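Overview (structure and organization)
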Protein chains: 8
Amino acid sequence: MELHELLERVRTGELKVEEAEGLLRRAPFDDLGYAKLDLHRQIRSGFPEVVYCAGKAQAHLLSIFETLYEKNGRVLGTRASAEQAALVRSRIPSARYDPISCILKAGETQEPLRGSIVVCSAGTADIPVAEEAAQTAEFFGRQVERVYDVGVSGLHRLLSRLDTLQSAHCIIAVAGMEGALASVIGGLVSCPVIAVPTSVGYGANLGGVSALLTMINSCANGVGVVNIDNGYGAGYLASQIDRLAER
Amino acid sequence: MELHELLERVRTGELKVEEAEGLLRRAPFDDLGYAKLDLHRQIRSGFPEVVYCAGKAQAHLLSIFETLYEKNGRVLGTRASAEQAALVRSRIPSARYDPISCILKAGETQEPLRGSIVVCSAGTADIPVAEEAAQTAEFFGRQVERVYDVGVSGLHRLLSRLDTLQSAHCIIAVAGMEGALASVIGGLVSCPVIAVPTSVGYGANLGGVSALLTMINSCANGVGVVNIDNGYGAGYLASQIDRLAER
Amino acid sequence: MELHELLERVRTGELKVEEAEGLLRRAPFDDLGYAKLDLHRQIRSGFPEVVYCAGKAQAHLLSIFETLYEKNGRVLGTRASAEQAALVRSRIPSARYDPISCILKAGETQEPLRGSIVVCSAGTADIPVAEEAAQTAEFFGRQVERVYDVGVSGLHRLLSRLDTLQSAHCIIAVAGMEGALASVIGGLVSCPVIAVPTSVGYGANLGGVSALLTMINSCANGVGVVNIDNGYGAGYLASQIDRLAER
Amino acid sequence: MELHELLERVRTGELKVEEAEGLLRRAPFDDLGYAKLDLHRQIRSGFPEVVYCAGKAQAHLLSIFETLYEKNGRVLGTRASAEQAALVRSRIPSARYDPISCILKAGETQEPLRGSIVVCSAGTADIPVAEEAAQTAEFFGRQVERVYDVGVSGLHRLLSRLDTLQSAHCIIAVAGMEGALASVIGGLVSCPVIAVPTSVGYGANLGGVSALLTMINSCANGVGVVNIDNGYGAGYLASQIDRLAER
Amino acid sequence: MELHELLERVRTGELKVEEAEGLLRRAPFDDLGYAKLDLHRQIRSGFPEVVYCAGKAQAHLLSIFETLYEKNGRVLGTRASAEQAALVRSRIPSARYDPISCILKAGETQEPLRGSIVVCSAGTADIPVAEEAAQTAEFFGRQVERVYDVGVSGLHRLLSRLDTLQSAHCIIAVAGMEGALASVIGGLVSCPVIAVPTSVGYGANLGGVSALLTMINSCANGVGVVNIDNGYGAGYLASQIDRLAER
Amino acid sequence: MELHELLERVRTGELKVEEAEGLLRRAPFDDLGYAKLDLHRQIRSGFPEVVYCAGKAQAHLLSIFETLYEKNGRVLGTRASAEQAALVRSRIPSARYDPISCILKAGETQEPLRGSIVVCSAGTADIPVAEEAAQTAEFFGRQVERVYDVGVSGLHRLLSRLDTLQSAHCIIAVAGMEGALASVIGGLVSCPVIAVPTSVGYGANLGGVSALLTMINSCANGVGVVNIDNGYGAGYLASQIDRLAER
Amino acid sequence: MELHELLERVRTGELKVEEAEGLLRRAPFDDLGYAKLDLHRQIRSGFPEVVYCAGKAQAHLLSIFETLYEKNGRVLGTRASAEQAALVRSRIPSARYDPISCILKAGETQEPLRGSIVVCSAGTADIPVAEEAAQTAEFFGRQVERVYDVGVSGLHRLLSRLDTLQSAHCIIAVAGMEGALASVIGGLVSCPVIAVPTSVGYGANLGGVSALLTMINSCANGVGVVNIDNGYGAGYLASQIDRLAER
Amino acid sequence: MELHELLERVRTGELKVEEAEGLLRRAPFDDLGYAKLDLHRQIRSGFPEVVYCAGKAQAHLLSIFETLYEKNGRVLGTRASAEQAALVRSRIPSARYDPISCILKAGETQEPLRGSIVVCSAGTADIPVAEEAAQTAEFFGRQVERVYDVGVSGLHRLLSRLDTLQSAHCIIAVAGMEGALASVIGGLVSCPVIAVPTSVGYGANLGGVSALLTMINSCANGVGVVNIDNGYGAGYLASQIDRLAER
């Protein structure tokens, strides 16, 4: 019984107040339109769903892509393999695949991009993660500027882009190895910095844990950290912040 | 030689172009107004300096407090001991000390608080860190609502404050032990969540590392993490975000 | 507005169905008797609240003890210091303190103990944790048999108590150092074994992490693990299991 | 010499008391029917043996499956590969293989399923482990309800199944990434919760150690933890508990 | 009922064979003289019990020391504090305390020391652990030669004692910091080497874990490792080996 | 210049004492017959060289095998792949390969095996490592008894072999998962126990580190530990001990 | 606008002092010839760029090799695969590939090698890393002596090369497993030692972390450590030191 | 018998060549003047001995200080406590104690300081370690420039000292928290950088391990790392390098 119907029956006397009370109390979560609550969250968030492709079965992946494409007119998939891309393109020929970031996209939006997010990467090997972040934010309607290959061992590269950094609403700093980029950027700007450690490196990088610790211990203020290689998560969080800045 | 003077001398011919070029190249960082650049950052950030009291020598602490109090009319010190508080109050009698959060404050601001930050804590033992976050944000002019003792083992406590959570610009989630609070909140709201792991717990909590890992691996979107027990850092980052929301 | 009143108003037409629907949807968590839901959990669990004393402020501890003593006629406090015990006894003179397990108890129950839990400890140094487990279960009305100092380096001590072990509903195995006790017991009995690693040991015991890993990797079936030194948690879980066995 | 025969000979005087005493003391373990003791354990446990297929040589696997199938009329194999499934089916054509849970089953039981275990999974990627737990429990004669994809980042999904959760004898909570599901469920129910961390996730999930730590540090009462990805172990332990509840 | 009596009754017909069989099967471990088995182990091992003093309650410690002193004529206590030493000496005035190794000894043996164990320490800070090893072995009747302060950063110190090393039955190598001593000794001798990592050092020594890893990964053959700072364990194991060499 | 020649020249006056002194001081290590010292070690150790095959280049492996086979009449290779075995057998057709232990052997010895080593394994999956240990010891002329599949979750299996265990000179305990076997054996016997953790297991076994920690923290006396999966190292160390016992 | 031109315009009055000041202040990093600053660093360092081949795309790798070959007349690539080598050789036929060190070189220098670096390796399995170090230093014009297979388990091998070690300006010590080599060398020489842990080993070597910890905790003075398997980094640092020694 | 005497006797025929050969071979390490070899090392190193005071017994400390003071005319003690300082000053009144660096010095040298070492610290809390490094280098006769409080969160502070950095022979970079300073400096200079992680920080700094990992993973070339808080070790290594630069 839908909530509306239940209340309707209370109004008409078909259902006693005590009975209605019991029903509502016993199952407060499912009968009260929680799917809708969830829908509210979707609506409120304003962010279309993104597909994490890695490990998804073929049939499952196809079905999700087609459903979302139909519903939203566009879809973004992260961590897609070349095989998955080919599969999806057999159904959605307009889909495009970027083998570096492993992003698979279909559809366009007419909405102009807004806001100001800067995505920095320390080295070229960090670009796949940086692109995942950048394209996620763009998919969410955000305007993104890329500042790549500005690791701290060649500081002038970063400093030469200071103007760009200082005009952003939010900066995503992507770095592997020792992950010092986030601290340096944090000290140069006054906007929030989302730090993304990557698994780039070897030996004592411990699969990215070393860069993660560096960023968590940052001596700079205003740095929040997401999981290793989690470009998507950084793009999401930065988009939330950038959207706030725009209100 | 000041930059202005240098250029003046170039103009008048007192200094040859080549000499000026050499001077500028040789010392690009100190002579070109870097102090000002830094000053700009202070001015732009709008956030008065906060004093990390732990481990500071008495004379040093007193001098910093007095200088900042004189300059800004108010000071905030974090992680102050009762002894440090007594010491500062011998000079600045109006200073107040909160033994729970270990925050030592002096001075007031007439500026009305603005924006909307919610600080949640999982347990009562996490309140010291939560208060450090909350009072830091208030010191930076942000309006803060406290939602304490809403750990996930009693979900109704958290859910009963859903309205408050959903109306925030930014939420700080402070939790020790298993640190699950950030994920649950992240799934309930659409604003950024700053997660602060605490060292509360024992045994396999590894001094807070367990909660840190939980938060970094959060299955919810929109969660950025700061260091263990770093209430100040969370308050700073949340204030940056909240300020953006207000522009 | 209470749920009953809301529905009443719907019935009388004072409140439109749509308005009521909106109210219910907007705040499903707080107005629908969540406190009661929680209360239900308390009632259903049948377990009176236990006080974790460590780190509690004096006034807070006293107030909790007095409130629970008044409400339930008895209280159990874990990890109490001798000072806390003296403090509580100044108000509740009948309270008794056990300096080994750091348990502080007040009040008695007339209810006969029921069920069958066996608490084993590997060494004498593990007894504080074992007692925390045992006394917690007894506080929850469970009958507990203690089998202490039966570490695996002297197997005959354990084997001589095989009858006791094999007649239990649930066994709590408390061990530090290498923590092998749980695996050995798991192989000897067919009831659930709750394993409690302790921080007893030194060097590579890593504060109990070594025993924790041993227990988590147990080659025996039917072993569930709780946190290091978490006697209370083991007593709680064993009591839940033992109570089920009795239904 | 069998124990019975030995005693018979003592009775008839064929064997002196001292000689019998010596024999019994010298070899207490093998001559006293330990195989039987072990058999007792098998009989008492009531749980037929389950085959861990991973890494078993082909001949070995076939022989174990055939022996158990002949003896018990049915067999359950965990972590079987598709190749192993094909191999077994070449001999036991009625065997069925589930590529998701990697479970290989042969034979049926007429016994009605009894009891009440609920298996929850946080995400769809955790389903293989959850199914291993569920099918293990079913193989042991337990009635299992599946509640999948109820991770804490979308709390309404879990809360909508609250009735199911609260009516269980025992709940298995399977979760990777940050593993918060166990704590949330632990706070909602009064029965024991068996927590299974999974290796699902990436980066700082450390192959499941992060989820393991989360669960071990759970702020909820009544949570016992098994090894990472150990669905079988959880199914076993839950079956022991569920069986107790039924006595 | 003793085993002897049971068999006697079987012989006399007082006890039926089936009854006796049941009794023996039901309690195979306790009634069959397991205490004796244990006693056998004590007798066979030939090593008097050693007292681990740390953390023992005063009354308990005194009672153990007095009992063992009475029974064996001598006692060895490890990790005793100065307070514990004073306490024991108030009852056993002849007891001697060594504040460096924290060993507390009472009584003498007339037995000449036998065998050949060499105890090496890398630095002077490792001597407390080395002495615990050496005095344990001496208490067990072994002849011990000390070769201290022969760390690998001054190789000539070690090499100048090569003859001593090469004539031993067993060598104990005690080292903190990087713990390289065991590998170097292992390469110089052909007898077993017992490696004892110590917690000496700071920073990345991780409380001795670094030295433990070094020793476990030793590139030399014939090295077995015990726990960090476990001089007693090394002394015990070396004594077992040395005793074998003497048979 | 050889030492003999140098001294000869001193004797004849061709070389001044001071010059000779300088030469000896400057290069004390190379000219004094260190190769011989090393040779002494080979001769003294009595153990023929064993080949670690993993990762060796084909030509290198062949040459080592042929050289040792020619010199010693027999060779033992550990961790050989099937390909390496085929390669070696193309040159030494009598070589035999055991795919379980990955041991590749050529040649026989007429020497009777001596001494008494017992090799125990916890599970069947630990047998490869156990065999590496056993065959290494046999290659070194030691008599080895195998006691396999005696893990602590079925204690009667181990206890039924108690006589075998108690009559050994040295026991090698090989176990993965929680690695409790070494502690249990250590408590049952009075000879040295060499504990070998294996990487068998999954999840929180951390590639064998968990079993390693268990063994290092053993509550039993007389246990020395070698590296994870290091069957060869255990066989070597046990052979040294067994040989001592025989003198 | 170039700095020179800017100043020229100030001199001629084309640009006002205030305007120039503004330009210089606003963009101090890019307009002031930072590329040149960087160039200065290149020139000053005197070290030609080295290519890290692993993971580079084919087109990218080719282009870098060709550019550097053209510019410098020679190139050094580290961690090149056989495929990458073949690719590069299809364009630069004179390039040579060393499959052991995975170094790919093209071009020669006429400059005589200078200075004195000694590269030591503990085992033959460490040679790939040692060669990366040695060939990097040679590429930078340094004279290198190799002292391989001198691990501490056979000390005479190392000591026989003492003269070589003691005459170096800088020593690179490459070792896996327990990594003790650096400490031993550090105690024998008075020049700086660069320690390179390698991932050679298994089990508790933790992928090289164990050797890293050993070297960081070295009891010898004068030891600096680089990342696991980082032969290039050690070669670079040693070349810097060796070059200093030569001035 | 001294080496000289031995050779003398060979010359005079008192000792046969064969006898001398035997003596030299049998005891190559002790009889050949290894103390002298060691002395050579002392003489060659040119660095007077430094005293690590922490944990030294009073009598021991006094005796070492007095001996070295007498022998060398000056002494340097690191990690001295105020009590130790008072003790030493009771005997050597001219000794001076610095409570920040915990350095205790006695005596002066007339030798002018030479060379060029720069010691940088990230924060003021790192100064104790930085001073230990600086004063160690000065004690070894090196000229040291201090550049303190130049952490990467305020890059202009570091850049303003670029000239100083770029003119050094060797730089010591001391940093806690995230430890990024070493990478940034490594990218700005062409001389060797000795990185010293400190334990400054909290939470996920893991007692300095985080900074250590950062430095070991440095993306900059020319960085060698020493142990956490090991200012002395950095000072020693830098002095070795600086001395080489001066030859």
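This text follows the structure it describes.
Because the structure is a prediction, the values reported are computed rather than measured. (Residues numbered from 1 in each chain as written. Chains lettered and ligands numbered in written order. Predicted model: local features only at pLDDT ≥ 70, side-chain atom pairs only at ≥ 80, totals over all residues. Heavy atoms only, no water.)

Attention now moves to the sheet that holds strand 1 (residues 51-52) of chain A. Residue and element names in this part refer to chain A. What the 4 strands build is an open sheet, ordered 1-2-4-3; its pairing is mixed. In this open sheet, the two strands that pair with only one neighbour each are strand 1 and strand 3 (96-98). With 3 bridges connecting them, strand 2 (residues 75-78) and strand 4 (residues 103-106) associate as antiparallel partners. Counted as the bridge partner of V75 is A106 from strand 4. Packed onto the sheet, helix 6 (residues 127-139) meets strand 2, strand 3 and strand 4 and runs at close to 165° relative to strand 2. (Pairing = 2+ DSSP bridges. Helix = DSSP H or I, 4+ residues; strand = E, 2+ residues; numbered from the N terminus. Contact = heavy atoms within 4.5 Å. Axes fitted to C-alpha atoms, helices over the stretch in contact; angles between N-to-C directions.)

Here the focus is the packing of aromatic side chains. Summed over the entire model, instances satisfying the criterion amount to 48 aromatic pairs over all chains. Here the guanidinium or amino end of R79(C) rests over the ring plane of Y202(B), the centre of that ring lying 4.4 Å away. (Phe/Tyr/Trp six-rings, centres within 6.5 Å; stacked < 30°, edge-to-face > 60°. Lys NZ or Arg CZ within 6 Å of the ring centre and 35° of its normal.)

A separate point is unusual backbone geometry. Backbone geometry at D149(E) places phi at a positive 65°, although glycine is not the residue there. On the secondary structure map, D149(E) appears in the loop between strand 6 (142-147) and helix 7 (155-159).

Let's shift gears to the relation of the copies chain F and chain E. Mapping chain F onto chain E is achieved by rotating through 180° and translating by 0.1 Å along the same axis, at an RMSD of 0.2 Å. Both copies of the chain, as the preceding transformation shows, are related through a two-fold rotation axis. Of the residues that chain F buries at the interface, 100% are likewise interface residues in chain E, meaning the two copies contact each other through the same surface. (Least-squares fit on C-alpha atoms with pLDDT ≥ 70 in both.)

Structurally, N227(B) is set in the loop between strand 9 (223-225) and helix 11 (231-246). Residue N227(B) is classed as buried on the basis of its relative accessible area of 4%. Here Y202(H) takes part through its backbone oxygen, which lies 3.0 Å from a polar atom of the side chain of N227(B). Not counting residues within four places of it along the chain, the set of residues in contact with N227(B) comprises I216(A), N217(A), V196(B), P197(B), Y202(H), G203(H) and A204(H). (Buried < 20%, exposed > 50% of the residue type's maximum accessible area, 1.4 Å probe, protein only. Polar contact = N/O pair within 3.5 Å; in protein donor to acceptor, adjacent residues only side chain to side chain.)

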